[in-house]
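As a plain string of letters, each chain reads:
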Amino acid sequence: MRIDSRAVHAGREPRSREPLAPPIVQTSVYVYNDLDDYDDAASGRRPGHFYTRNSNENTTWLGAAVADLEGAEAGLTTSSGMSALLVSILALAPKPVPIVAQRDLYGVTLSLLRQDLGPAGYELRLVDADDHGSVARALDGSGLLLLETLTNPLCRVADLAALGELAAARGVPMLVDNTFATPILCRPLELGAAAVVHSLTKFLAGHNDVTAGALAGPEAVVAEARARSVRMGTNLSPFEAWLAHRGLRTLAVRMRAAGAGALAVAQRLASLERVQRVHYPLLEGSPYEAVARRQFDGGGGAMLAFDLAGGRPAVQAMMERLRMVSFAASLGGVETTISHPEVASHRSLSPQERAGLGISGGTVRVSIGIEAAEDIAADFEQAIGG
Ligand SMILES: *Cc1c(COP(=O)(O)O)cnc(C)c1O
């Protein structure tokens, strides 16, 4: 089946007399009337849920659905994208090692590496993922490569196939955060990733009503992450899993609609005098156009950014005039939202670090929703002015 069909059906096959829609199995524990049977389930000799921190129907269905879309052997869901990153990093690099990471990783991921893993002995080697020579040098003697398929907020595209080869040549596992691209655009496991991580909070759940995370990869890696998630208690709740799974079933249509809208809005924004620059991989002249066309199926994704002349006061004035589009410091929902990296996602960086990444007070991040592209573009045009 093609990915659009799998998105609808993945994770659970209802049998005769079972409900068509997944039920919510809202329990923390399961009844057993046979000690041997419990022993088999608890030791993993036979599949069976016994305690929701370990597993539950809803989290299992959702994990299987994410694995299916990523083309992975196994999947695991967690309480958030951050906990998915934590258990994935610990599964791939259980002992302190140098971690090679992209300089423009999601801000909280950088903070996790610096403030939590740093004091535990992990060394952080930050690189520019476009500079393959410096990535190769940093990989020598390292234990993990951590990348994002598409970065926040400037939509840089990492050449995963090329970077995966550099890592593989040195025996370093590559972990990819595929949150912005989603498996509809890109499946990093096909390009050499050892595991893939998602903030399901964003496009996979897609409705700005749930916080959840997932990872997918080979059974051995996912089993390591699952064992850590059980001990650290980073499990997802059944209801949140049910909501995310419900959202995931429309992922393909949402991503295709929002991707088409993003390109149209990017082109309209690029024609405005007060917009200095639009960052979108498929926009003509983007340095990432070639790699995006090679690496992505069906579009350039639903995220874009632009630099508004006049800096932060101009962004504030635009926000006050926007009618349909809201400011909200997340992304990936059915509604178009904007964020301001300087005050939101990149607030923990110094002004110098932000400038080094190309983020200014006028930089606006946009998560395109599934409204009519014409309405989204018209809202920005009237709010920005001529
Ligand atoms: C939001 C996000 C995260 C963190 O996910 P949460 O669900 O908020 O914990 C990690 N990586 C990327 C790229 C994100 O956008």
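Calculation notes
- Residues numbered from 1 in each chain as written.
- Predicted model: local features only at pLDDT ≥ 70, side-chain atom pairs only at ≥ 80, totals over all residues.
- Heavy atoms only, no water.
- Helix = DSSP H or I, 4+ residues; strand = E, 2+ residues; numbered from the N terminus.
- Rg over C-alpha atoms; globule rule 2.2 N^0.38 Å.
- Buried < 20%, exposed > 50% of the residue type's maximum accessible area, 1.4 Å probe, protein only.
- Contact = heavy atoms within 4.5 Å.
- Areas by Shrake-Rupley, 256 points an atom, 1.4 Å probe, with all protein chains shown as cover.
- Lys, Arg positive; Asp, Glu negative; His and termini not counted.
- Charge placed at Lys NZ, Arg CZ, Asp CG, Glu CD.
- Near = heavy atom within 4 Å.
- Polar contact = N/O pair within 3.5 Å; in protein donor to acceptor, adjacent residues only side chain to side chain.
- Nonpolar A, V, L, I, M, F, W, Y, C, P; charged D, E, K, R; others polar.
- Core = buried A, V, L, I, M, F, W, Y, C linked by side-chain atoms within 4.5 Å.
- Axes fitted to C-alpha atoms, helices over the stretch in contact; angles between N-to-C directions.
- Parallel < 35°, antiparallel > 145°, perpendicular 65-115°, else oblique.
- Left-handed = near helix turned anticlockwise from the far one by under 90°.

Caption draft 1: Expanded view of the overall build of the protein chain. Check the secondary structure of the protein chain and you find 15 helices and 12 strands. At 21 Å, the protein chain has a C-alpha radius of gyration in line with the 21 Å of a compact globule built from 386 residues. In terms of overall dimensions, the protein chain has C-alpha extents of about 75 × 50 × 35 Å along its principal axes. The buried share of the protein chain, taken over its 386 residues, is 54%. Taking contacts inside the protein chain between residues at least 6 apart in sequence as the whole, the part at least 24 apart equals 72%. When the accessible surface of the protein chain is split by element, carbon and sulfur atoms take 51% of a total near 16300 Å². Seen as two clouds, the 35 positive and the 42 negative side-chain charges of the protein chain have centres 1 Å apart.

Caption draft 2: Fine view of unusual backbone geometry. A cis amide bond, omega 0°, links N152 with the succeeding residue P153. Inspection of the secondary structure assignment puts P153 in the loop between strand 4 (144-148) and helix 7 (160-169). The residue C155 is not glycine, and still its phi comes out positive at about 55°. Structurally, C155 can be placed in the loop between strand 4 and helix 7. Owing to a relative accessible area of 1%, C155 belongs among the buried residues under this scheme. Positive phi, normally seen in glycine, also occurs at N208, with a value near 50°.

Caption draft 3: Geometry of the site of the ligand. Close to the ligand lie S80, G81, M82, Y106, D177, T179, F180, S199, T201, K202 and A212, which account for all nearby residues. Take D177: an N or O atom from its side chain is 2.7 Å from a nitrogen atom of the ligand. In this structure, an oxygen atom belonging to the ligand sits 2.8 Å away from a side-chain N or O atom of S199. Here the ligand loses 92% of its free accessible area of 380 Å² to cover by the protein chains. Taken together, the residues of the shell around the ligand sort by class into four nonpolar, five polar and two charged.

Caption draft 4: Representation of the nonpolar core within the structure. Formed by 85 residues in total, the largest nonpolar core has its most connected members in L145, L269, L304, F306, M318, F380 and I384. A total of eight residues in this core trace back to one element, the largest contributor, which is helix 11 (residues 251-270). Once you skip the residues sitting within four places of it in the chain, L145 turns out to touch V100, V135, L139, L163, A167, V172, P173, M174 and L175. Residues I99, Y122, V197 and A225 belong to the second largest nonpolar core, which totals 28 residues.

Caption draft 5: Structural detail: the environment of R254. Considering the arrangement of structural elements, one finds R254 in helix 11. Taking the C-alpha atoms as reference, R254 lies 17 Å from V325; in sequence the two are 71 residues apart. For R254, the residues in contact, after removing those within four places along its chain, are F203, L204, A205, G206, H207, G247, L248, G332, V334 and I370. For R254, the side chain forms a polar contact with the main-chain oxygen of F203, separated by 2.8 Å.

Caption draft 6: Examining the packing of helix 6 (residues 132-139) against helix 7 more closely. Look at helix 6 against helix 7: their axes get within 9 Å of each other, and the N-to-C directions meet at 25°. Between helix 6 and helix 7, the interaxial angle falls into the category roughly parallel. Relative to helix 7, the crossing made by helix 6 is right-handed. Seen from helix 6, the contacting residues are H132, V135, A136 and L139; seen from helix 7, they are A162, L163, L166 and A167.

In short, shape yes, function no, at least from these values alone.
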